[in-house]
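# Topology and contacts: notes
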Amino acid sequence: MVRALERRSGEIGVHFQPIHRIADGALVGAEALARWRHPDLGPVGPTEFITAAERTGNIRELGRHLFRVALGQVGAGGGAVDGLLFNLNVAPLQLQHEGFAQELLEQLSAARVRPAQVACELTESALLGDEARAERTMRELDEAGVSKVLADFGTGYASLRTLLRHAFRGIKIGRQ
């Protein structure tokens, strides 16, 4: 799996899953989900290839590729996507990388997507490790106008302290 991922990461694409407001069912955005249809293996589950990318250190490269694809599609939507929020999943190793916020902002600019149209989905484990670096990155994203969503709340490290410390636009309850 790891060798196939390294050779074929360009085949991994993005599928947008709609996000609807509970109160009235209105479409308010979409989450960009990674999908891989390997020519020999068929569909490969995201848990499998994302875990492999994290183990091998290729998650930053894969994340950049997926952001480029997703943001390219959002940017191509032009006025048709105004008012919608697009969630991008951010792996812990991506958030902990010193230049992550700047890289994301450069990709937004290249795709002509406003920061206010994007939310980074983070798990609480992404905030652990080098907490000072995570704080700086989160502050840079906030200042640029990129929202944050806490994903998988209730599946492990989740705490009310995290909710109070950070301005999350939303919370996704994790499956157990």
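Per chain, the residues get numbers from 1 upward, laid out in the order the sequence is written. Per-residue local features are limited, in this predicted model, to residues with pLDDT of at least 70; the limit for side-chain atom pairs, both in listing and counting, is 80 or more; totals at the level of whole chains, interfaces and linings are taken over all residues. Note that the side-chain values use all heavy atoms of the structure and ignore hydrogens as well as water.

### A few points about helix 2 (residues 46-56)
Only protein chains enter the area calculation, which uses a 1.4 Å probe; residues under 20% of their type maximum are buried, those over 50% are exposed, and those in between are partly exposed. Runs of H or I in DSSP of at least four residues are treated as helices and runs of E of at least two as strands, each being numbered from the N terminus. Residues F49, A52 and A53 constitute the buried set of helix 2. End-on, the buried residues of helix 2 take up no more than an arc of 100°, which puts them together on one face. Exposed side of helix 2, more than 90 degrees from the buried face: T47 and R55 are the residues found there. To obtain the arc, one takes the directions from the helix axis to the C-beta atoms.

### Here we look at the packing of aromatic side chains
What counts as a ring pair is set by centres within 6.5 Å for rings of Phe, Tyr and Trp (its six-membered ring), and what kind of pair is set by the plane angle: stacked under 30 degrees, edge-to-face over 60, tilted for all other angles. Taken as a whole and judged by the stated rule, the model has three aromatic pairs. The interplanar angle of 80° and the centroid separation of 5.8 Å between the aromatic rings of F16 and F86 together place this pair among those described as edge-to-face. Of this pair, F16 sits in strand 1 (residues 12-20) while F86 sits in strand 4 (residues 85-89), and the two are 70 residues apart along the sequence. F16 gets classed as partly exposed once you look at its relative accessible area, which sits at 23%. A residue is classified by how much of its surface remains accessible, and F86, at 7% relative accessible area, is buried. Residues W36 and F49 carry aromatic rings whose centres are separated by 5.7 Å and whose planes lie at 90° to one another, so their mutual orientation is edge-to-face. One end of the pair, W36, is in strand 2 (residues 27-38); the other, F49, is in helix 2, and 13 residues separate them in sequence.

### Considering the nonpolar core
If you look at soluble globular proteins, the nonpolar side chains tend to sit buried side by side. Ranked by size, the top nonpolar core spans 39 residues in total, and within it L71, L88 and L104 carry the most contacts. Secondary structure elements with two or more residues in this core: strand 1, strand 2, helix 2, helix 3 (59-76), strand 4, helix 5 (100-111), strand 5 (118-123) and helix 6 (131-144). Ranked by residue count, the leading element in this core is helix 3, at seven residues. By the convention used here, residues are in contact when the closest approach between their heavy atoms is within 4.5 Å. Contacts of L88, omitting those with residues within four sequence positions, involve A32, F67, A70, L71, L104, V118, A119, C120 and E121. Nonpolar cores were defined as sets of buried Ala, Val, Leu, Ile, Met, Phe, Trp, Tyr and Cys residues, with membership established by side-chain atoms within 4.5 Å.

### So, the pattern of salt bridges
A side chain with one charge can pair with a side chain of the opposite charge if their charged atoms come near. Salt bridge, as applied in this entry: a Lys or Arg side-chain nitrogen positioned within 4 Å of an Asp or Glu carboxyl oxygen. Overall, the coordinates contain seven salt bridges when judged by the stated rule. Its salt-bridge partner being R114, residue D82 comes within 3.6 Å of it at the nearest N-O pair. Of this pair, D82 sits in the loop between helix 3 and strand 4 while R114 sits in the loop between helix 5 and strand 5, and the two are 32 residues apart along the sequence. Given the relative accessible area of 49%, D82 is considered partly exposed. As a salt-bridge pair, D142 and K148 come within 2.4 Å of each other at their nearest N and O atoms.

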